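# Observations on the model geometry
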Amino acid sequence: MKFRHLTYFSLSVLGAFGLASCGSSSSDKDKNSAEFEQADSLGSHIEELAYIIPPPSEIPYLLQTTGAEFNESLINPRSKADQYSSRTDKAALNLGVYSADIGYLSSYDKTQEAIDYLQSAKTLADGLGVIGSFDVEVLKQFEANISNKDSLTHLLDRTIKKTQSFLNDDNRNKLSALVITGSFVEGLYIATGVVKSYPKDLLPDDAKNTILTPLIRIVLDQRKSVGEVNKMLASIPEQAEVVPGLVADMKALEAQYAALNIEEQIKNNKANLVLSDKNLVEITNIVERVRKNITD
């Protein structure tokens, strides 16, 4: 199954920081140089993700095309938006989470609910000082296109891209990276959750895996994206200040994908060995842990 190619993170490159004055000490100059290199590296990683990380509407759209039923329990409650406002890292991560939730709702024609979630996303965006992304005009456009799924997903992706661009232009690349991370993790959480919630004893394993194979492929296809998100997170200055455990858990997730040896299995015509819900158990557990860390 191929992803629809959507240009998502078409982001501007980070502007240079001001250099220290001539009277600064060599240690200050070294510090400024290191900060510049870290910020430049982070900006480069964000820009590279334009062609790798699926936008908020992508994974939900793919789930819908497989015929999987909508599962309301997988989205993050709107009522939690206010609790994220006091911490910018939590606000940025959950702005990404809500964006993926809006994509999920829109893909299943839950358009009024999607508009309600836009309001929660606006709360977080306003708290981050993002201007013009989740404004009244965007809400009006959503309402005007309430019966057009394609228009809604395009509008969502454009709105998030605008948010990313604003944060990058404002030299807040760390927050931009966290919005991307939150959106990606939520999409993966929904995908693994759909597989996990499928009734275990409804069908024999062979018949069940036939139904689940398209969903499992969606999850397995995210291996490269997981690696790229980790490269981006590794470029964030002062990682310890990010939600505790996020970086370590994402590295554990990448290691679990690698352990499946997906490419080698497919190369040896043994794809059936990895296209099983049993192989997603540990990936699902890690994704659930990451997502809980973000949303609690």
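Here the structure is a predicted model, which means the values were calculated and not measured. (Residues numbered from 1 in each chain as written. Predicted model: local features only at pLDDT ≥ 70, side-chain atom pairs only at ≥ 80, totals over all residues. Heavy atoms only, no water.)

So, about the side chain of T295. Mapped onto the secondary structure, T295 falls in helix α14 (residues 281–295). Those residues within four positions of T295 in sequence are excluded, and the remaining contacts are N76, K80, Q83, Y84, K90, N94 and V97. (Helix = DSSP H or I, 4+ residues; strand = E, 2+ residues; numbered from the N terminus. Contact = heavy atoms within 4.5 Å.)

Before going further, it helps to spend a moment on the packing of helix α4 (residues 88–107) against helix α5 (residues 111–127). Put simply, α4 and α5 touch, their axes get as near as 9 Å, and they point 165° apart. Here α4 is positioned roughly antiparallel relative to α5, judged by the angle of their axes. The two elements α4 and α5 meet at a crossing, and its hand is left-handed. Between α4 and α5, the residues in contact are A91, N94, L95, Y98, D101, I102, L105 and S106 and E113, A114, Y117, L118, S120, A121, L124 and A125, respectively. Residues of the contact of α4 with α5, tallied by class, amount to 11 nonpolar, three polar and two charged. (Axes fitted to C-alpha atoms, helices over the stretch in contact; angles between N-to-C directions. Parallel < 35°, antiparallel > 145°, perpendicular 65-115°, else oblique. Left-handed = near helix turned anticlockwise from the far one by under 90°. Nonpolar A, V, L, I, M, F, W, Y, C, P; charged D, E, K, R; others polar.)

Our next topic: the side chain of N71. Structurally, the position occupied by N71 is in the loop between α2 (58–65) and α3 (81–84). According to the relative accessible area criterion, N71 is buried, its value standing at 18%. One polar contact links N71 to S73, side chain to side chain, over a distance of 2.5 Å. Beyond its immediate stretch of four places on either side in the chain, N71 contacts Y104 and S197. (Buried < 20%, exposed > 50% of the residue type's maximum accessible area, 1.4 Å probe, protein only. Polar contact = N/O pair within 3.5 Å; in protein donor to acceptor, adjacent residues only side chain to side chain.)

For the pair α4 and α14, interaxial distance at closest approach is 9 Å and the crossing angle is 120°. Considered as vectors, α4 and α14 are oriented oblique to each other. Residues K90, L93, N94 and V97 of α4 form the contact with α14, whose participating residues are N293, I294 and T295. Of the residues assigned to the contact of α4 with α14, the class counts are three nonpolar, three polar and one charged.

What follows deals with the nonpolar core. Ranked by size, the top nonpolar core spans 71 residues in total, and within it L63, L246, M250 and L253 carry the most contacts. The element that contributes the greatest number of residues to this core is helix α8 (residues 173–196), accounting for 13 residues. Apart from residues lying up to four places away in sequence, L253 is in contact with L188, V226, I283, I286 and V287. (Core = buried A, V, L, I, M, F, W, Y, C linked by side-chain atoms within 4.5 Å.)

Take the confidence of the model for the chain next. Across the chain, pLDDT averages 75, with 66% of residues at or above 70. When pLDDT is averaged over each helix and strand of the chain, the minimum, 53, is found for helix α1 (residues 26–48) and the maximum, 95, for α14. (pLDDT = per-residue confidence, 0-100.)

Attention shifts here to α5. For α5, which comprises 17 residues, the first-to-last C-alpha distance of 24 Å matches the rise-based estimate of 24 Å (1.5 Å per residue) to within 8%. All buried positions along α5 are accounted for by T111, A114, I115, Y117, L118, S120, A121, K122, L124 and A125. Once α5 ends, the next one or two residues include G129, with phi positive near 75°. (Expected span 1.5 Å × (residues − 1).)

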